[in-house]
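# Secondary and tertiary structure notes
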Amino acid sequence: MTASPLLGTPRLTNPDLLRSVFRRHAAGVAVITATDGSRPVGFTATSLSSVSAEPPMVSFGIGTGASSWPAISEATHVGVHILGEHQQDLAATFARSGADRFGAPTSWREGPEGVPVLDGALAWLVCRIVARVPAGDHRVVLAEVVAGDPAGEGRPLLYHQGRFNALRD
């Protein structure tokens, strides 16, 4: 078998290759929230996945160097928020290191299990963490859904080529 002239030259596996490939993968945008016992914490995630319908479970990844990791490593429950295209600024705030993520203009309330629930999301879940699986410099968190609301209005926010984007028809 001969290589296709349309294929690029293969590169050795490295973090930059993975990042370059996944910049081409459009992903939904979520914000994960929790508390560290005294204050709310959260981060933007594009790694959210549905894992199981019975029992209902989701997963997401978080870097062990992330500012939210100490709280997530100890939390019993997390909030999972599916963001809409109207929430680009919120996604950027939760993605920015050192930002006051829960200060104005972020609107939120305490939800089930004491988890911060963000207002205006397309949908949200509160999940009980069942496992934190080591995966390189990250942890894959598996969490079982215990509550939620899918009734938000709008269209989903996407992340592609290093930018937040709206879904086009």
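Since this is a predicted model, take the numbers as computed values, not measurements. (Residues numbered from 1 in each chain as written. Predicted model: local features only at pLDDT ≥ 70, side-chain atom pairs only at ≥ 80, totals over all residues. Heavy atoms only, no water.)

### Here we look at the overall build of the protein
Filter applied, for reference: Runs of H or I in DSSP of at least four residues are treated as helices and runs of E of at least two as strands, each being numbered from the N terminus. Radius of gyration means the value over C-alpha atoms here, while the globule rule gives 2.2 Å times the residue count to the 0.38 power. Partly exposed describes any residue whose relative accessible area lies between the buried limit of under 20% and the exposed limit of over 50%, with all areas from a 1.4 Å probe on protein chains only and scaled to the type maximum. Two residues qualify as a contact provided that any one of their heavy atoms is within 4.5 Å of a heavy atom in the partner residue. Computed with the Shrake-Rupley method and a 1.4 Å probe, the accessible areas treat only the protein chains shown as cover for residues. Note on charges: Lys and Arg go in the positive column, Asp and Glu in the negative column, and His and the chain ends are not counted at all. Every charge is mapped onto a representative atom, which is NZ of Lys, CZ of Arg, CG of Asp or CD of Glu.
Scanning the protein from N- to C-terminus turns up three helices and twelve strands. For the protein, the C-alpha radius of gyration of 17 Å lies close to 15 Å, the compact-globule estimate for 169 residues. Counting across all 169 residues of the protein, residues that qualify as buried make up 34%. When contacts within the protein are restricted to residue pairs at least 6 apart in sequence, those whose partners lie at least 24 apart make up 61%. Of the accessible surface of the protein, which amounts to about 10100 Å², a share of 54% is contributed by carbon and sulfur atoms. Averaged over its 14 positive side-chain charges, the protein has a centre that lies 11 Å from the centre of its 15 negative ones.

### Quick look at the pattern of salt bridges
In plain terms, the rule: The term salt bridge refers to a side-chain nitrogen of Lys or Arg lying within 4 Å of a carboxyl oxygen of Asp or Glu.
For the structure shown, the criterion picks out five salt bridges. Notably, a salt bridge pairs D36 with R39, separated by 3.2 Å at the nearest N-O pair. Relative accessible area serves as the criterion here: at 36%, D36 is assigned to the partly exposed category. Its salt-bridge partner being R109, residue D119 comes within 2.5 Å of it at the nearest N-O pair. Remark: R109 occurs in strand β7 (residues 108-110) and D119 occurs in the loop between β8 (116-118) and β9 (123-135); sequence separation between them is ten residues. Assessed through its relative accessible area of 31%, D119 is described here as partly exposed.

### Description of the sheet that holds strand β12 (residues 163-166)
Cut-off, in case you're wondering: In this analysis, strands are considered paired if DSSP registers two or more bridges between them. Between the N-to-C directions of two axes lies an angle of 0 to 180 degrees, each axis being a line fitted to C-alpha atoms and, for a helix, fitted only over the stretch in contact.
Judged by pairing direction, the sheet is antiparallel, and its three strands sit side by side in the order β1-β11-β12 without closing on themselves. Each edge of the sheet is formed by a strand with only one pairing partner; in this case those strands are β1 (27-28) and β12. Each of β11 (157-160) and β12 is contacted by helix α3 (residues 88-95), which is oriented at about 160° to β12, the strand it contacts most.

### Re the nonpolar core
Applicable threshold: As used here, the term nonpolar core means buried Ala, Val, Leu, Ile, Met, Phe, Trp, Tyr and Cys residues forming a set that is joined through side-chain atoms within 4.5 Å.
In terms of nonpolar packing, the biggest core is built from 18 residues, with I32, F43, F60, I72 and V78 touching the most fellow members. Going through the elements one at a time, β2 (30-35), β3 (40-45), β5 (56-63), α2 (69-74), β6 (77-82), β9 and β10 (138-149) are the ones with two or more residues in this core. Contacts of F60, omitting those with residues within four sequence positions, involve I32, F43, S47, L48, I72, V78, R139, V140 and V141.

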